[in-house]
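Results of the structural survey
Letter by letter, the chains look like this.
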Amino acid sequence: MRKDVRILLVGEPKVGKTSLIMSLVSEEFPNVVPYRAEEITIPADVTPERVPTHIVDYSVLMRCGGGVCRVPLILVGNKSDLVEHSSMETILPIMNQHSEIETCVECSAKNLKNISELFYYAQKAVLHPTGPLYCPEKKDMKLLCVKALTRIFKVSDLDNDGILNDNELNFFQRTCFNTPLEPQALEDVKNVVRKNLSDGVCDNGLSLKGFLFLHTLFIQRGRHETTWTVLRRFGYDDDLELNQDYLFPLLKVPSDCTTELNHNAYLFLQSVFDKHDKDRDCALSPEELRDLFDVFPYMPWGPDVSNTVCTNDSGWITYQGYLSQWTDKKIDLQKKQTQRSVFHCNVFGDVGSGKSGFLQAFLGRNLMRQKTIREEHRSYYAISTTYVYGQEKYLLLHEVFPDFDYLSDADMACDIVCLVYDVSNPYSFEYCAKVFKQYFMDSKTPCMMIAAKSDLPEIKQVYGCSPLDFCRMHKMPPPQSFTCSTAAAPSRDIYTKLTTMAMHPHARLRCMCTCNRCTFCLCQNFLNSELLQTVRAKLYAVVLRSLSHRRCLILLPHVITIMLHVPHLFDLLELETLHIQVSIAVLQADPKSSTFWLRASVGATVFALLGLTMYRVLLKPR
């Protein structure tokens, strides 16, 4: 809605322009009329539309410069008190020839006939012009108006069945006019449509044809302000284009804050997906995707979206991929750990190092499937979900163009850096090392080295040190082997590691190694072994048996201490037998004797010391 309205009175000299203004202000005909009236302002609280109105007297005839006049016009026949007949029959053909003419009014400044109405129509013509909505020659709404109202209908059709039922009509009414329709009024509206349009009401709901007919009726009866209220509520300007403020609302985010979609936003996106997934296959076919974006001014997703998010075997965007595409965030390295659910990873690497394959593998596509992607559909982004400690997180991978000489702030603004080199190319690692040293060595952003194409024979890199020594020197995790040349979908473990590092940017995580040769990896494999699970089960059995004795309350703290220190190492050190013997000895001893306390103390001390020693040996820094 405009903040104010300016009305300019133009016409030949002596037609009564100044008299009309004087009569409006003083509510009487002036005895002396000046050559030209000063500009006056009518306050908003005394105008029907509650908008300040400025009235300007222009003493020279104004013309519209040969083109189409962009402002609405009103033809005014003044001095109607001097004639006995109306001139409307002469004026109406002229009005119908020029769409910019909103209406015609006959008035008299002398006897105050239609003076207030004249300026009300002028104000209304500015705020609610007929020209953009209606074509008098065709007696129908213009194409842009039909297009806008069709979009509004589809947005209001919450269940996407092509009909506005009573609940949807009331939702639409409250959205536009802040008040619901009474049941009888709702039925009266549908009866009007039924009477004039056979297919305007279907299944006791309003069809698109019926919805458009109602607005045509409003305009023809001079109630175009109703249609304009609807259009402006849904973001349209005077040219029936969506406002930029409506399309891109300003979101003020403090410099130390981040933005993410909240739970309600995800629920809304889920409802939109369900609304358009008509076959309920949890994927959007090309037709369903076009239908979803039919209410948009343009298609926001290009053909590369199918190579940015997860799709099904037909190449259709899945529900997970759909949510991933809407997910957005900003980086935040101030916190040592974060509750955020979206993390940004920039992927660097020389030409041919395997960056694109790394991105596509995140979407579950092996090398054979990647070869089917057309070059014009290639995407430099990939986003999907990973699970870290049982929590679902989104990881956005961005392939950065390999221009070593210049990296923008956007190229370096991320949660984690991924440096990819080709193990079969002896010159590939050098690029990653230079990028790290120049841009990230002194930053707080965690970095990970990816040894891509690990299915190929590894060749010694032409660099001052090996990739492993380079990572150790700069306190990075060792290079992570990766290949997308697999029969099935590539492993997703590396993406979980990336997300974990992004969640804990200041922590030195030791769970990155997958060499299966170092002490840490051997320990990890042992902890997951079937033999150890058997030992653990036996230990729990001892504890449960001890609970049946009255003296278990004395033993239990010692058993818990042992479990906390060495819960997985009894078989490795042949301590299971010792544990059971100590437990039985303690249970059989008399708690009142010194023997009981001696055995209990010795047993607890032995296991505590052994547990602490093994913990330090196995988990000390490599």
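Here is what the cut-offs are and how they apply
- Residues numbered from 1 in each chain as written.
- Predicted model: local features only at pLDDT ≥ 70, side-chain atom pairs only at ≥ 80, totals over all residues.
- Heavy atoms only, no water.
- UniProt positions renumbered as here; feature names shortened; annotations may be inferred.
- Phe/Tyr/Trp six-rings, centres within 6.5 Å; stacked < 30°, edge-to-face > 60°.
- Helix = DSSP H or I, 4+ residues; strand = E, 2+ residues; numbered from the N terminus.
- Buried < 20%, exposed > 50% of the residue type's maximum accessible area, 1.4 Å probe, protein only.
- Pairing = 2+ DSSP bridges.
- Contact = heavy atoms within 4.5 Å.
- Axes fitted to C-alpha atoms, helices over the stretch in contact; angles between N-to-C directions.

By the naming in an unreviewed UniProt entry, the chain goes by Mitochondrial Rho GTPase and is assigned to Scophthalmus maximus. As stated in UniProt under Sequence similarities (unreviewed entry), the record for the chain gives "Belongs to the mitochondrial Rho GTPase family." Quoted verbatim from the Function (unreviewed entry) field of the UniProt record, the comment on the chain reads "Atypical mitochondrial nucleoside-triphosphatase (NTPase) involved in mitochondrial trafficking. Probably involved in control of anterograde transport of mitochondria and their subcellular distribution. Can hydrolyze GTP, ATP and UTP."

1. Digging into the packing of aromatic side chains
In the structure shown here, the tally under the stated rule is 23 aromatic pairs. Relative to Trp326, the ring of Phe293 lies with its centre 6.4 Å away and its plane at 45°, an arrangement referred to as tilted. Placement of Phe293 in the loop between helix H11 (286–292) and strand E12 (317–318) and of Trp326 in helix H12 (residues 319–326) is noted, with a sequence separation of 33 residues between them. When its relative accessible area of 4% is taken as the criterion, Phe293 is described as buried. By relative accessible area, which is 27% here, Trp326 ends up partly exposed.

2. Some remarks on the sheet that holds strand E10 (residues 205–207)
In any sheet, the strands associate via hydrogen bonds between backbone groups, in a parallel or an antiparallel arrangement. Ordered by their spatial adjacency, three strands build an open sheet running E8-E10-E9, and the pairing between neighbours is antiparallel. If you trace the sheet from one side to the other, it starts and ends with strand E8 (163–164) and strand E9 (201–202), each paired once. Relative to E10, E9 runs antiparallel, the two sharing two bridges. Across the sheet, Cys202 pairs through a bridge with Gly205, a residue of E10. In this fold helix H7 (residues 208–220) packs onto E8 and E10, with an angle of close to 80° to the strand it touches most, E10.

3. Side note on the UniProt feature "domain: EF-hand" (unreviewed entry) in the chain
The feature "domain: EF-hand" (unreviewed entry), as annotated in UniProt, sits at residues 264–299 in this numbering. Secondary structure over residues 264–299 splits into 56% helix and 6% strand, and the C-alpha atoms at its two ends are 24 Å apart.

4. Section: the sheet that holds strand E18 (residues 480–481)
Taken in spatial order, the six strands make up an open sheet running E14-E15-E13-E16-E17-E18, and their pairing is mixed. Edge positions in the sheet fall to strand E14 (381–388) and E18, since each of these pairs with one other strand and no more.

5. What about unusual backbone geometry?
One non-glycine residue, Asp203, adopts positive backbone phi at about 50°. You will see that Arg280, though not glycine, has its phi angle at about 55°, which is positive. Residue class for Arg280 comes out exposed when judged on its relative accessible area of 57%.

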